[in-house]
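Chain by chain, the residues run as shown.
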Amino acid sequence: MSKRKLVKNVGSMSIAVFISRIFGLVRDIMMTNFFGTTYVADAFRVAYQIPNFLRKLFGEGALSAAFIPLYNEIGIKKNRNKQIKFALNILSILSLFLVILCLLGILLTPIIITIIAPGFSQESRILVIKLARILFPYLFLIGMSSTLISILNSHDKFFIPGLSSAFLNLAMIGSLGLFVLFSPSSTIEEKVTVWSYGVILGGVLQTVVNFPLLKRLGYKIRLTIRLKSDDLKAVWQRLIPGAIGIAVRQINLVVDIILASLLATGSIAALGYGNRLMQLPMGIFGIAAGVAVLPLFSKYIAQKKWKELQGKLRFSIISLSYIMLPITAIIAGLGKDFIRILFMRGKFDLNSVEMTYSALLFYSLGIIFFSLNRLVIPVFYANKDTKTPVKISAIIVGVNITLNIILMQFLQHAGLALSTSISAMIQFLLLSKYLKEKIPQIRFPKVWQAILKTTFLSILIFVGLTMVNSIYPAKNFWAAIIKVGSLGLASIAFFIVSSSILKVEYSSEIKNLIWQKLKRK
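Residues numbered from 1 in each chain as written. Predicted model: local features only at pLDDT ≥ 70, side-chain atom pairs only at ≥ 80, totals over all residues. Heavy atoms only, no water.

1. Some words on the overall build of the protein
- A count of helical and extended segments in the protein gives 21 helices and zero strands.
- The 521 residues of the protein split such that 59% are buried.
- In the protein, of all internal contacts separated by at least 6 residues, the share reaching a separation of at least 24 is 85%.
- Accessible area of the protein: about 22000 Å², with a carbon and sulfur share of 68%. (Helix = DSSP H or I, 4+ residues; strand = E, 2+ residues; numbered from the N terminus. Buried < 20%, exposed > 50% of the residue type's maximum accessible area, 1.4 Å probe, protein only. Contact = heavy atoms within 4.5 Å. Areas by Shrake-Rupley, 256 points an atom, 1.4 Å probe, with all protein chains shown as cover.)

2. Examining the side chain of serine 358
- As for its placement among the helices and strands, serine 358 is situated in helix α15 (residues 350-364).
- Residues contacting serine 358, with those up to four places away along its chain left out, are His413 and Ala414.

3. Let's talk about helix α6 (residues 122-135)
- The first and last C-alpha atoms of α6 sit 20 Å apart over 14 residues, in line with the 20 Å expected at 1.5 Å per residue.
- Among the residues making up α6, those that are buried are Ser124, Leu127, Val128, Ile129, Leu131, Ala132, Ile134 and Leu135. (Expected span 1.5 Å × (residues − 1).)

4. A few points about the nonpolar core
- Formed by 144 residues in total, the largest nonpolar core has its most connected members in Phe35, Phe44, Phe67 and Tyr219.
- Top element by residues in this core is helix α14 (residues 306-343). It accounts for 17 residues.
- By size, the runner-up hydrophobic cluster in this structure holds five residues, among which are Ile341, Ala479, Ala480 and Val484. (Core = buried A, V, L, I, M, F, W, Y, C linked by side-chain atoms within 4.5 Å.)

5. Side note on the packing of helix α9 (residues 165-182) against helix α10 (residues 188-208)
- Where α9 meets α10, the axes come as close as 7 Å, and the angle between the chain directions of the two elements is 145°. Where α9 crosses over α10, the two elements pack in a sense that is right-handed. Residue-level inspection shows Ser165, Phe167, Leu168, Ala171, Met172, Ile173, Ser175, Leu176, Phe179 and Val180 of α9 in contact with α10, the latter providing Glu190, Lys191, Val194, Trp195, Gly198, Val199, Leu201, Gly202, Gly203, Leu205 and Gln206.
- Of the residues assigned to the contact of α9 with α10, the class counts are 13 nonpolar, six polar and two charged. (Axes fitted to C-alpha atoms, helices over the stretch in contact; angles between N-to-C directions. Left-handed = near helix turned anticlockwise from the far one by under 90°. Nonpolar A, V, L, I, M, F, W, Y, C, P; charged D, E, K, R; others polar.)

6. A look at helix α16 (residues 367-382)
- Here α16 contains 16 residues, and its C-alpha end-to-end distance of 23 Å stays within 8% of the 22 Å for a straight helix at 1.5 Å per residue.
- Most of α16 sits out of view: 15 of its 16 residues are buried.
- Trailing α16 by a residue or two, lysine 384 shows a phi angle of about 65°, which is positive.

7. Section: the side chain of serine 175
- By the secondary structure assignment, serine 175 is in helix α9.
- A polar atom in the side chain of serine 175 sits 2.7 Å from the backbone oxygen of alanine 171.
- Apart from residues lying up to four places away in sequence, serine 175 is in contact with Val194, Gly198 and Leu201. (Polar contact = N/O pair within 3.5 Å; in protein donor to acceptor, adjacent residues only side chain to side chain.)

8. Side note on a nonpolar patch on the surface
- Where nonpolar side chains cluster on the molecular surface, the patch consists of Ile100, Leu104, Leu107, Leu108, Ile111 and Ile115 and spans about 590 Å² of accessible area.
- Mapped by element, the contributors of at least two residues to the nonpolar patch are α4 (80-107) and α5 (109-116).
- Looking at the secondary structure, you find isoleucine 100 in helix α4. (Patch = residues over 30% accessible without salt bridge, like charges linked within 9 Å, V, L, I, M, F, W, Y side chains within 5 Å. Salt bridge = Lys/Arg side-chain N within 4 Å of Asp/Glu carboxyl O.)

9. Examining the packing of aromatic side chains
- Throughout the structure, instances matching the rule amount to 12 aromatic pairs.
- When the centroid spacing of 6.0 Å and the interplanar angle of 25° are considered together, the rings of tyrosine 48 and tyrosine 138 count as stacked. Here tyrosine 138 lies in helix α7 (residues 137-154) and tyrosine 48 lies in helix α2 (residues 39-58), a separation of 90 residues in the sequence. Residue tyrosine 48 shares its accessibility class with tyrosine 138, and that shared class is buried. (Phe/Tyr/Trp six-rings, centres within 6.5 Å; stacked < 30°, edge-to-face > 60°.)

10. A closer look at a positive patch on the surface
- Together, Lys78, Lys82, Lys85, Lys215, Lys220, Arg222 and Arg226 make up a positively charged patch on the protein surface.
- Here arginine 222 shows up in the loop between α11 (211-216) and α12 (230-261).
- Overall, arginine 222 belongs to the partly exposed group, its relative accessible area being 48%. (Lys, Arg positive; Asp, Glu negative; His and termini not counted. Charge placed at Lys NZ, Arg CZ, Asp CG, Glu CD.)

11. Observations concerning the pattern of salt bridges
- By the definition in use, this model includes five salt bridges.
- Arginine 27 is the salt-bridge partner of aspartate 28, the closest N and O atoms lying 3.7 Å from each other.
- With a shortest N-O distance of 3.1 Å, glutamate 437 and lysine 433 are connected by a salt bridge. Of this pair, glutamate 437 and lysine 433 both sit in helix α18 (residues 413-438), four residues apart, which is roughly one turn of the helix.
- Shared partners join several salt bridges into a network, and the residues in it are Arg27, Asp28 and Arg276.

12. Topic: unusual backbone geometry
- Its identity as a non-glycine residue notwithstanding, glutamine 412 has a phi of 55°, on the positive side.
- Residue placement: glutamine 412 occurs in the loop between α17 (387-411) and α18.
- Phi at lysine 503 is positive, roughly 55°, even though this residue is not glycine.
- Summarising the element assignment, lysine 503 is placed in the loop between α20 (477-501) and α21 (507-520).
- According to the relative accessible area criterion, lysine 503 is exposed, its value standing at 68%.

13. Description of the environment of isoleucine 323
- Positionally, isoleucine 323 belongs in helix α14.
- In this structure the C-alpha to C-alpha distance between isoleucine 323 and methionine 282, which are 41 residues apart in sequence, comes to 9.9 Å.

14. A word on the packing of α6 against α10
- Where α6 contacts α10, the two axes come as close as 9 Å, and the packing angle between them is 25°. One way to sum up the angle between α6 and α10 is to call them roughly parallel. In this structure, α6 meets α10 at a crossing whose hand is right-handed. Facing Glu123, Leu127, Lys130, Leu131, Ile134 and Leu135 of α6, the residues of α10 in contact are Glu189, Val192, Thr193, Ser196, Tyr197, Val199 and Ile200.
- Of the residues assigned to the contact of α6 with α10, the class counts are eight nonpolar, two polar and three charged. (Parallel < 35°, antiparallel > 145°, perpendicular 65-115°, else oblique.)

Take a look at the structure:
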């Protein structure tokens, strides 16, 4: 696969995710307007995170890591019919397991809430139990949807699968919008209940939207369970360590919620809003790149094309750094004005702006490392090594929890965001180190010169934006729009020109490929 084909796949996924993220942004604007940083917002965040914790096992996490390399290997060495039979068996077993897990979750919800949100008041606890029981079936829907998307990605189908999450956002927006239109005097608790049902509707839509593409590939969705299968045994052997690794990483998220529940009301919501804004650029480029390269890396390793693998890894790392580092600088410099424009209305006041910005600022410091980890971990998975990322994740959990406890004493909820970013940096350094040992056929690419040049330019952008902020603080909505628009464009123009002057590696190629992709779309 050429660099152009790689960029095409990443580009297709990025554009689809961008559209989804825009709808997600509209969803967040609606949520901040109606719920702000109130106890209701905290309750929904906790309830929504519970099925999402478990989703990581079945989406872009352990199941995909164990399933996709084998799926591609069967396609290369056998045929499409064998691939389909293998996938249908996995999907059938997964569906039964998810149904059982959902039923158990609904039954045990009060115990789960007591464990992960010990600082909640009785009022918050009652509400979060109600919402969590509504939301638990979303685990089944997103688990199935994520696996279907992994199959489609293996056949270079990225746009529609990447767009599927837009249906979740549309369902949530539409459900609450219609409810408020016909019941304008409803309470905030009634609104958040309808909001939760919108999640379930969205889960149904984002699952079924993938069916037409699967049909074109030859799939006929049906229940097919064969427990005695060598391929199933191989998936199981790789799934267990991967699942342990994902579970270890989810401990970080659980600890964040536990600790945030002990802080001021709105801390969980502020962390959620800050994380969502950070996920906008990371989802468009970082996560999209990680999704697109797993099938590619799997094929290279199956065919023992080590030189090609090393080349694509190097190109991907430099490309991500070229995109994500200046974005980080712009977010850090203009984040408060950006939050004011998007969210400051209804229940979202100046205190909410400050709380959300402090979370966004410290999350943004880790954007590049979150993205690079998404890129490097698939190399291990493609090599059928799920154990090494597990061991590294276990170390990172200890680091993150320790930093959480220390930093929250000084920075409150922002300390939780900062510890997450620092942990991501340490994780990337460890992944880089072990990659050299586990796959000696490739050398970890020499990328630091290009990254240092990009970092230098990004620091200049941040310093410049900080100086402008001290001279020209935006005092109202329109002033903030003018400031963000003009300074954002000026920062991008400065970076593009300066990267050409400093001859940042691949800079011209990256710009040309992105521009060509945007023109085609």
